[in-house]
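Each chain, letter by letter, is given below.
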Amino acid sequence: MRFWLASTPVLLLSAVLIVANWIAKPLSTLRPKVFVIGLSKTGTTSIGDALALLGYKRLGWKDIRSRHLVHTWANGDYGALIDQTRFYDAFEDLPWPRMFREMAELYPDAKFILSLRRDEQVWLESMRRHVGRGAWQPYAWFYGATEVEGNEATVLSAYRNHTADVREFFADKQERYAEMNIDDGDRNWDTLCSVAECPQGRIPAVPFPKSNTATHWNHNVLIDFMHWLWSWTITRIEEWSAASYYLGGRPNTNVILRACWSVIDVIEQACSELYFKLAVQQQAPLEVR
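Sequence order sets the numbering: in each chain, residues are counted from 1 along the sequence as written. In view of the model being predicted, local features appear only for residues whose pLDDT reaches at least 70, and side-chain atom pairs are presented and counted only at 80 or more, with totals across whole chains, interfaces and linings using the full set of residues. To get the side-chain values, all heavy atoms of the structure are used, and hydrogens and water are removed first.

**A few points about the environment of Arg 187**
Heads up, the condition is: Secondary structure elements are defined from DSSP: runs of H or I of at least 4 residues count as helices, runs of E of at least 2 residues count as strands, and each element is numbered from the N terminus.
With respect to the helices and strands, Arg 187 occurs in the loop between β5 (177-181) and α9 (188-192). Sequence separation of Arg 187 and Phe 208 is 21 residues, and the distance between their C-alpha atoms is 8.0 Å.

This is the structure in C-alpha cells:
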C-alpha cells in the first residue's frame, strides 16, 4: 500500500507526460516558414498577431520558452532553437533576429521580414520604456547595454548595425525578404501578403494589428503587480538556471534543472498545440478585399 501511495505521483506525472508528448508532435501541415527578424519594439508582436490571423502557428515572446531560448542561443547552443522550428511556421522576437543566416540556410523556402520603425528616435523611446520595466542581462547581448538611459548611442548603433547586416545578407535574396514599418498601419497587409500566404491571395479586410503597446501593459494596480511578480520570478529562475548550465554549476543541480526544463517544454508544447487547434476552430474565416 505504501509503495502504491509513493508511486502514484510518479505514475500520474508519467501519464501526463505521455499524453502531452503525444499532443506535442509536430504538425504535418506546416507552411513555408516566416521569420520576423526585427529587434524588440519594432512591431514584432503585431506582425505575429497578423500571421496568427492568417492561420500561422507562431512562436513569440508570450511563450515562456523564448526567454530560455535566448540563453541557449547566447551560449552557442542552437539545438533547442532548431528543435522548436519543427513545431511552428512563424517566429518573432528574440532570439530569432540573430538567427536569420542559420534559418535561411536550414529552410530554403522560408521568408524573412525585417520590422522597423519609421523614426529611430521613436524606437529608442519605446526601448527606454520597455527596458525600464526591469533589468535583464540578455539586453546587453542584443543592444550593448542593459538599460537605455546613458547608453543611447550604443543602443541606436545596435539597431542600425542589425538593419545593415540584414539588408546586406538579403541583398541577393530579395524574393525571400521584405521590410515592414509598423507605423504604416493597414498598408502592412500588402507587404505581409507578399511573403506570407493570405486567403485567396488577397488582402484581409480587417485592421492590421497594433499589439504590445504601452496600453497593453497598464491594467490596474493588482494586475500590474501580479504581472511584475510573475515576470520577475521567471527572469530570476531562467537566468539562474542558464548560469548553472553554462557557467559550471553543480552537476547534480544541472541534471535536475535539465529534467525540469524538459518536462516544462513538453507540457508547454502540448498547451501550445491545444491552444492553436482551439483558435483555428473558433476563428471565423477572414474577409478579403
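Next comes the rest of the account.
**Overview of the pairing of β5**
For a regular strand, side chains alternate in direction, first toward one face of the sheet and then toward the other. So the rule is basically this: Burial here depends on accessible area, computed with a 1.4 Å probe over protein chains only, as a share of the maximum for the residue type. Under 20% is buried, over 50% is exposed, and the range in between is partly exposed. When DSSP locates at least two bridges between a pair of strands, those strands are taken to pair.
Burial analysis of β5 places 4 of its 5 residues in the buried class, the great majority of the element. Pairing geometry for strand β4 (residues 111-116) and β5, over 5 bridges, is parallel. Its bridge partner being in β5, Phe 112 is matched across the sheet by Tyr 177.

**Comments concerning the nonpolar core**
The nonpolar side chains of a soluble globular protein tend to be buried, and buried together. As a reminder, the rule being used: Residues belong to one nonpolar core when they are buried, are Ala, Val, Leu, Ile, Met, Phe, Trp, Tyr or Cys, and are joined through side-chain atoms within 4.5 Å. The criterion used for residue contact is that any of the two residues' heavy atoms lie within 4.5 Å.
Grouped together as the largest cluster of nonpolar side chains are 39 residues, with contacts concentrated most on Phe 35, Trp 96, Phe 112, Trp 123, Tyr 143 and Phe 170. Counting only elements with at least two residues in this core, the list comes to α3 (65-74), α5 (100-106), β4, α6 (120-131), α7 (139-143) and α8 (152-169). The leading source of residues in this core is α8, at 6 residues. In this structure Tyr 143 touches Leu 39, Ser 40, Leu 94, Trp 123, Met 127, Thr 154, Val 155 and Ala 158, once residues within four positions along its chain are discounted. In terms of nonpolar packing, the next biggest core, distinct from the first, is built from 20 residues, Val 36, Ala 90, Ile 113 and Cys 193 among them.

**Quick word on the pattern of salt bridges**
Note the following rule: We define a salt bridge as a side-chain nitrogen of Lys or Arg found within 4 Å of a carboxyl oxygen belonging to Asp or Glu.
All chains considered together, the criterion is met by 13 salt bridges. Residues Arg 58 and Asp 49 are paired through a salt bridge, measuring 2.8 Å at the closest nitrogen-oxygen approach. Overall, Arg 58 belongs to the partly exposed group, its relative accessible area being 21%. Salt bridges sharing partners connect three or more residues here, namely Glu 125, Arg 128, Glu 149 and Glu 152.

**Let's talk about the state of the cysteines**
Stated formally: Two cysteine sulfur atoms form a disulfide, by the criterion used here, when they sit within 2.5 Å.
Applying the stated criterion across every chain, the model contains 1 disulfide. Covalently, Cys 193 is tied to Cys 198 through a disulfide, its sulfur atoms 1.9 Å apart. Between Cys 193 and Cys 198, the disulfide has an S-S torsion of -85° and is therefore left-handed. The buried category is assigned to Cys 193, whose relative accessible area is 17%. For Cys 198, a relative accessible area of 10% translates into the label buried.

**Quick notes on α8**
The criterion, for reference: A helix is expected to reach a length of 1.5 Å times the quantity of its residues less one.
Between its first and last C-alpha atoms α8 spans 26 Å; for 18 residues at 1.5 Å apiece the expected length is 26 Å, and the two agree. For α8, the complete set of buried residues consists of Val 155, Leu 156, Ala 158, Tyr 159, His 162, Thr 163, Val 166 and Phe 169. Buried residues along α8 sit against α5, β4, α6, α7 and β5.

**Brief notes about the side chain of His 162**
Inspection of the secondary structure assignment puts His 162 in helix α8. For His 162, a relative accessible area of 5% corresponds to the buried category. In contact with His 162, other than residues within four places in its own chain, are Ile 37, Gly 38, Leu 39, Pro 97, Arg 98, Phe 100 and Leu 114.

**Thoughts on the sheet that holds strand β3 (residues 90-92)**
By way of backbone hydrogen bonds, the strands of a sheet pair with one another, either parallel or antiparallel. For the record, the criterion: Here the axes come from fitting lines to C-alpha atoms, over the contacting stretch only for helices, and the angles between their N-to-C directions go from 0 to 180 degrees.
Strand order in this open sheet of 5 strands is β2-β3-β1-β4-β5, and the pairing throughout is parallel. Two strands lie at the open edges of the sheet, namely β2 (58-59) and β5, each paired on one side alone. Direction of pairing for strand β1 (residues 34-36) relative to β3: parallel, over a ladder of 3 bridges. From the neighbouring strand, Val 36 faces β3, where its bridge partner is Glu 92. With respect to the sheet, α8 is in contact with β4 and β5, its orientation differing from that of β4 by roughly 150°.

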